[in-house]
Amino acid sequence: MARIISFVNQKGGVGKSTSVINVGAFLAAHGKRILAVDLDPQANTTSGLGVDPYQVEWHLYHILTAGVLAEEVIRKTGVFGLDLLPSNPNLAGAGIELVTQPNREFKLRESLAKISNNYDYILIDSPPSLGLLTINGLAASDFVVIPVQCEYYALEGLGHLLKTVDLVRENLGHNVNVLGAVLTMYDRRNRLNRDVLKEMQRNFPGRVFNAIIPRCVSLAEAPSYGKTILQYDVYSKGGKAYRQLAEEILALE
Ligand SMILES: Nc1ncnc2c1ncn2[C@@H]1O[C@H](COP(=O)(O)OP(=O)(O)OP(=O)(O)O)[C@@H](O)[C@H]1O
Ligand SMILES: [Mg+2]
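In this numbering scheme, every chain counts its residues from 1 along its sequence in written order. Whichever chain is written first becomes A and whichever ligand is written first becomes 1, with later ones labelled in order. Restriction of local features to residues with pLDDT of at least 70 applies here, the model being predicted, together with a cutoff of 80 or more for giving and counting side-chain atom pairs; totals for whole chains, interfaces and linings are based on all residues. With hydrogens and water excluded, all non-hydrogen atoms of the structure serve as input to the side-chain values.

Draft legend 1. Quick peek at helix H7 (residues 132-140). Most of H7 sits inside the fold, with nine of its nine residues counted as buried. Among the residues of H7, Leu132, Leu133, Thr134, Ile135, Asn136, Gly137, Leu138, Ala139 and Ala140 are the ones counted as buried. Categorising residues by exposure relies on relative accessible area from a 1.4 Å probe, with only protein chains included: less than 20% of the type maximum marks a residue as buried, more than 50% marks it as exposed, and the intermediate range marks it as partly exposed. Each helix is a run of H or I in the DSSP string that is no shorter than four residues. Each strand is a run of E no shorter than two, and both are numbered from the N terminus.

Draft legend 2. Molecular detail of the layout of surface pockets. Approximately 490 Å³ is the volume found for the largest pocket. Cavity means a closed set of points on a 1 Å grid over the protein atoms alone, one where a 1.4 Å probe fits but cannot get out, pocket means an open set with protein on both sides within 12 Å along at least 5 of 7 lines, and lining means a residue has an atom within 4 Å of a point. What lines the largest pocket is a set of 31 residues, and nearest its centre among them are Gly15, Ser17, Thr18, Met185 and Leu219. Mapped by element, the contributors of at least two residues to the lining of the largest pocket are helix H1 (16-29), helix H2 (44-48) and helix H10 (217-221). If one sorts the elements of the lining of the largest pocket by residue count, H1 sits on top with five residues. Taken together, the residues of the lining of the largest pocket sort by class into 14 nonpolar, twelve polar and five charged. What the second largest pocket holds in volume is close to 220 Å³. For the lining of the second largest pocket, the residue count by class is four nonpolar, no polar and five charged. Grid points are joined across faces, edges and corners, and a volume is the space filled by probe spheres set on the points. Each residue gets one label: Ala, Val, Leu, Ile, Met, Phe, Trp, Tyr, Cys and Pro are nonpolar, Asp, Glu, Lys and Arg are charged, and the others, such as Gly, are polar.

Draft legend 3. Region of interest: the packing of H1 against helix H12 (residues 237-251). Interaxial angle, 0 to 180 degrees, is taken between N-to-C directions of lines fitted to C-alpha atoms, where a helix line uses only the stretch in contact. Remark: H1 packs on H12, axes separated minimally by 8 Å, with the N-to-C direction vectors making an angle of 70°. By the angle between their axes, H1 is roughly perpendicular relative to H12. On H12, the residues touching Thr18, Ser19, Asn22, Val23, Phe26 and Leu27 of H1 are Gly239, Tyr242, Arg243, Leu245, Ala246, Ile249 and Leu250. Looking at the contact of H1 with H12 residue by residue, the class counts come to eight nonpolar, four polar and one charged. These descriptions rest on fixed angle ranges, namely under 35 degrees for roughly parallel, over 145 for roughly antiparallel, 65 to 115 for roughly perpendicular, and the rest for oblique. For this analysis, residues touch if any pair of their heavy atoms sits within 4.5 Å.

Draft legend 4. Fine view of the environment of methionine 185. Assignment of secondary structure puts methionine 185 in the loop between strand S7 (177-184) and helix H9 (191-203). Taking the C-alpha atoms as reference points, methionine 185 and valine 148, 37 residues apart in sequence, are found 8.7 Å from one another. Ignoring any residue separated from it by four or fewer positions in sequence, one finds methionine 185 in contact with Gly13, Val14, Gly15, Gln149, Asn193, Ile213, Pro214 and Arg215.

Worth remembering: the numbers are spatial, not functional.
This is the structure we're talking about:
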């Protein structure tokens, strides 16, 4: 059975999609079978993995609202061992349509259960909200990784996020655990960035990954070519940091 990890932060632009794409690539390079699930209507993970969200016929919307099988929707990417469950802007409608459905929080979980044996890790990219799509991701996950951008308001909202994880555990009876936070877009010359790092380590002792993702132009450029950092600039600082993060996640086995 795959280990299922949601990358979650209701704050936008903190590096969720970049982390799913690149952790996925390095785990695949370690010989693991990986599925990236794009649960965000913005479809950044889909396009970042070289798939045009407007060209996909089947996507997560059909899985969540029409019961289409995940195996019909999954496609391969340019990275060997890294598969994708693509998104499309229409997925935004699922968040609304699901509201009246029974078992609405468990649609993704039910779907992934049927294919989970085919993978070692399933990485879920969440939208920047704590709505029904993210809840579906959490209810399907064993673990949560929280990407945190090193900026002034970084810690704001984290309490709310941790409470949401608790609510999923208590109200949905599903055991999901926070693996840790990963700091992204870090610039060690910037004092505020260094302060946020210290603050995180103080607030979440033992729960901050050693891998710190630096601000890195290659990481920002790679998705415009539909490539992971492994394919685009593996020896960049960003590439090395995501390799380290993937290895830390592997070491938790
Ligand atoms: N370490 C980094 N260095 C430089 N740019 C980065 C880095 N990480 C992410 N970016 C860029 O910052 C932007 C936001 O990153 P990303 O899309 O991964 O965040 P997100 O949390 O998924 O955003 P959203 O909440 O909108 O889904 C993107 O343009 C991405 O290419
Ligand atoms: Mg994203």
